[in-house]
Amino acid sequence: MTPKVTIIIPAYKDSFIKESIKSLLQQTYSNYNIVIVDDASPYDLKRIINEFSTTRIQYYRNEINIGGTDLVANWNKALMYADGDLVVLGSDDDRYHPDFLKSLVALSIEYPQVDVFHCRVGVINDAGEPISWGPAIAEYETDIDFIYQRAINRRTQLISDFMFRRKALMALGGFVNYPKAWYSDEMTVYQLAKGKGVVASSDTLFYWRSSNQNISSINTDTYQKAIASVMHIKNMNDFVLELEPKNEADRFLLSDLRQRIGVEIKRQLIYDMAKSPIEVNFKIYRKYPSLLNLKENIKLIGGWIRHRIGV
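For the structure given in this document, a descriptive report is provided here.

### A word on helix α4 (residues 100-110)
Then step 1. Inspection of α4 places Phe100, Leu101, Leu104, Val105, Leu107 and Ser108 among the buried residues, and these make up the whole buried set. Mapping the buried residues of α4 onto a view down its axis gives an arc of 155°, with all of them on the same face. With respect to the buried face of α4, the exposed residues turned more than 90 degrees away are Ile109 and Glu110.

### Topic: the nonpolar core
Then step 1. Core analysis: the largest hydrophobic core is formed by 45 residues, its most contacted members being Ile8, Ile147, Phe164, Phe175, Tyr190, Met236 and Leu257.
Then step 2. Ignoring anything within four residues of it in the chain, the contact list for Ile147 reads Ile152, Tyr190, Met236, Phe239, Leu243 and Leu257.

### Remarks on unusual backbone geometry
Then step 1. At Ala40, a residue that is not glycine, the phi angle is positive and equals roughly 50°.
Then step 2. Relative to the assigned elements, Ala40 resides in the loop between β2 (32-38) and α2 (45-50).
Then step 3. Take Ala40: its relative accessible area is 19%, and that puts it in the buried class.
Then step 4. Of note in the backbone geometry, Ala181 takes a positive phi value of approximately 65° without being a glycine.
Then step 5. The residue Ala181 is located in the loop between α6 (166-171) and α7 (184-193) in this model.
Then step 6. For Ala181, a relative accessible area of 10% translates into the label buried.

Calculation rules
- Residues numbered from 1 in each chain as written.
- Predicted model: local features only at pLDDT ≥ 70, side-chain atom pairs only at ≥ 80, totals over all residues.
- Heavy atoms only, no water.
- Buried < 20%, exposed > 50% of the residue type's maximum accessible area, 1.4 Å probe, protein only.
- Helix = DSSP H or I, 4+ residues; strand = E, 2+ residues; numbered from the N terminus.
- Arc of directions from axis to C-beta.
- Core = buried A, V, L, I, M, F, W, Y, C linked by side-chain atoms within 4.5 Å.
- Contact = heavy atoms within 4.5 Å.

Okay, structure coming up:
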């Protein structure tokens, strides 16, 4: 019997949700359902969803907005409605290739010892046009190799391009909770990959929409991102000590990872601070005066000035 997949969508925005649902209903794999949790949206999402005459979709609406204050809590609430063997955390603005489920389910059958599956990612703009492409991916990667490629090389991946074994994700306690979900996707996948590795399709089966509606593009959230960054640095420093190399490449990558993980996280924070209001940056410095050293401060100030003058 083919495994059942539940796609959970914590929904709020209405701009692209119709296109996103349409791409999910065009899947070539048949054993799946879609759970949409309307996070007390001010938009009439139910009307949009009712345009699709299908029993695949189950619609729920939160009485109050949860994601505005705790995005991951809403992810985990949506997860509680899932009943599939496998689960995908979809979004209300991205797009899926028709073979996304078919390809990743096939990999889950081929690799029964692995709990995490994903694919190559394309990035699209508001008009749905491609603006960048993620690099090719090996079919199987050890936990260390996978973590290194994302944490250090910043390989293009999100959370909605992944498929998880639901029982493994539930045993983890659901998605790892950081403020504004910053690094929640990474730490969730890392923990599920630990000791087992990750399997991927080299085909581009998911298209992430880059727009000014994304959490990652909201500069006023940088203070919360700083809190999440500090949490992630601490958690990663502890986490990588538990990883066990499987081969020579793992040993080298793990050694480099242990030295560079905090640097790379702070580098991302510097990038966000350079685009943020200066009063937000001062607030971060007051809370974490030792977070950034002098050399990094100079980079931050230079980046902030270049951003302001448009260089």
